[in-house]
Amino acid sequence: MSIILTERMKGWIELMGCHLCVATPEGVPKVTVSRFARVTKPDQVAFAMEKGEIGIIEAAVTKNPWVAFGVSRQGGIRAAYQFKGKGKVLKSGPEFESLKQMAEGIATDAVLVVDLTELYCTKPGAEAGQRLDVMAPDAVDAWEKARWTDIPGK
């Protein structure tokens, strides 16, 4: 199945920024925050990052491209998802320049682009850890609408 982010997921990602986690090839975790995120395709998120933010994870992600992230600045119950995929760091080119221009107030040194491959529920309780990317996009949308009614930014 492919991942198609819902309007609610897009709103939380773009309004709140995200905590990003990668691991070195030896398994040592590295975590940073990106305050600016944009959903650039139905299954892709790009993060504009300052030098200090990308510096924490850049060496690890170039050797091990797997990235996990969750939405920042709110409780896990409000946007209870973990997104996973393969990332790449851009420091030049049209995609980099486009995101750099959008990220007002951020001294963009790099853009991390993550192509999503996995989606998990992190809502506390019986649904914690449920894998959502195995569901059809319409089923994920219906599942989400049965649990939450808000759409951030609307």
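Thresholds applied
- Residues numbered from 1 in each chain as written.
- Predicted model: local features only at pLDDT ≥ 70, side-chain atom pairs only at ≥ 80, totals over all residues.
- Heavy atoms only, no water.
- Helix = DSSP H or I, 4+ residues; strand = E, 2+ residues; numbered from the N terminus.
- Rg over C-alpha atoms; globule rule 2.2 N^0.38 Å.
- Buried < 20%, exposed > 50% of the residue type's maximum accessible area, 1.4 Å probe, protein only.
- Contact = heavy atoms within 4.5 Å.
- Core = buried A, V, L, I, M, F, W, Y, C linked by side-chain atoms within 4.5 Å.
- Salt bridge = Lys/Arg side-chain N within 4 Å of Asp/Glu carboxyl O.
- Expected span 1.5 Å × (residues − 1).
- Bend = angle between axes of the 7 residues up to and from the residue.
- Polar contact = N/O pair within 3.5 Å; in protein donor to acceptor, adjacent residues only side chain to side chain.

### Side note on the overall build of the protein
Turning to step 1, where the next piece is worked out: Counting its secondary structure elements, the protein contains four helices and seven strands.
Turning to step 2, where the next piece is worked out: Shown N-terminal to C-terminal, the secondary structure of the protein runs as helices and strands in the order α-β-β-β-β-α-β-β-α-β-α.
Turning to step 3, where the next piece is worked out: Relative to a compact globule of 154 residues, whose C-alpha radius of gyration would be 15 Å, the protein shows 15 Å and is just as compact.
Turning to step 4, where the next piece is worked out: By principal-axis analysis of the C-alpha atoms, the protein measures approximately 40 × 40 × 25 Å.
Turning to step 5, where the next piece is worked out: Within the protein, the proportion of its 154 residues that are buried is 44%.
Turning to step 6, where the next piece is worked out: When contacts within the protein are restricted to residue pairs at least 6 apart in sequence, those whose partners lie at least 24 apart make up 66%.

### Focus: the nonpolar core
Turning to step 1, where the next piece is worked out: If you look at the biggest cluster of nonpolar residues, it comprises 34 residues, and the most contacted ones within it are Leu5, Ile13, Val45, Phe47, Phe69, Phe83 and Leu112.
Turning to step 2, where the next piece is worked out: When residues in this core are grouped by element, the largest group, six residues, is from strand E7 (residues 110-121).
Turning to step 3, where the next piece is worked out: If we ignore the near neighbours within four places in the chain, the residues touching valine 45 are Leu5, Ile13, Ala37, Arg38, Val39, Thr40, Phe69, Leu112, Val113, Val114 and Leu116.
Turning to step 4, where the next piece is worked out: With 10 residues, the next largest nonpolar core counts Leu90, Ala103, Ile106 and Val111 among its residues.

### Side note on the pattern of salt bridges
Pairing of side chains with opposite charge becomes possible as their charged atoms draw close.
Turning to step 1, where the next piece is worked out: Taken as a whole and judged by the stated rule, the model has nine salt bridges.
Turning to step 2, where the next piece is worked out: Taking the shortest distance from any N to any O, the salt bridge between glutamate 7 and lysine 10 comes out at 3.3 Å. In this pair, glutamate 7 and lysine 10 are both assigned in helix H1 (residues 7-16), three residues apart and thus about one turn of the helix distant.
Turning to step 3, where the next piece is worked out: The salt bridge involving glutamate 127 is made with arginine 147; its shortest N-O contact spans 2.6 Å. One end of the pair, glutamate 127, is in the loop between E7 and helix H4 (137-145); the other, arginine 147, is in the segment after H4, and 20 residues separate them in sequence.
Turning to step 4, where the next piece is worked out: Owing to a relative accessible area of 16%, glutamate 127 belongs among the buried residues under this scheme.
Turning to step 5, where the next piece is worked out: When salt bridges with common partners are traced through the structure, they connect Arg35, Glu50 and Glu53 into a single cluster.

### Observations regarding helix H2 (residues 51-63)
Turning to step 1, where the next piece is worked out: Here H2 is 13 residues long and its end C-alpha atoms lie 19 Å apart, about the 18 Å a rise of 1.5 Å per residue gives.
Turning to step 2, where the next piece is worked out: At isoleucine 57, H2 is bent by approximately 45 degrees, the largest bend along its length.
Turning to step 3, where the next piece is worked out: All of the buried residues along H2 are Glu53, Ile54, Ile57, Ala60 and Val61.
Turning to step 4, where the next piece is worked out: Residues of H2 that are buried in the fold lie against strand E1 (18-23), strand E2 (29-34), strand E4 (44-49), strand E5 (66-71), strand E6 (81-90) and E7.

### Things to note about the environment of histidine 19
Turning to step 1, where the next piece is worked out: Looking at where histidine 19 falls in the secondary structure, it is placed in strand E1.
Turning to step 2, where the next piece is worked out: Each C-alpha atom, one on histidine 19 and one on phenylalanine 47, is 11 Å from the other, the two residues being 28 residues apart in sequence.
Turning to step 3, where the next piece is worked out: Excluding residues within four positions of it along the chain, histidine 19 makes contact with Thr32, Val33, Ala68, Phe69, Gly70 and Ser72.
Turning to step 4, where the next piece is worked out: Only 2.8 Å separates the side chain of histidine 19 from the side chain of serine 72, close enough to count as a polar contact.

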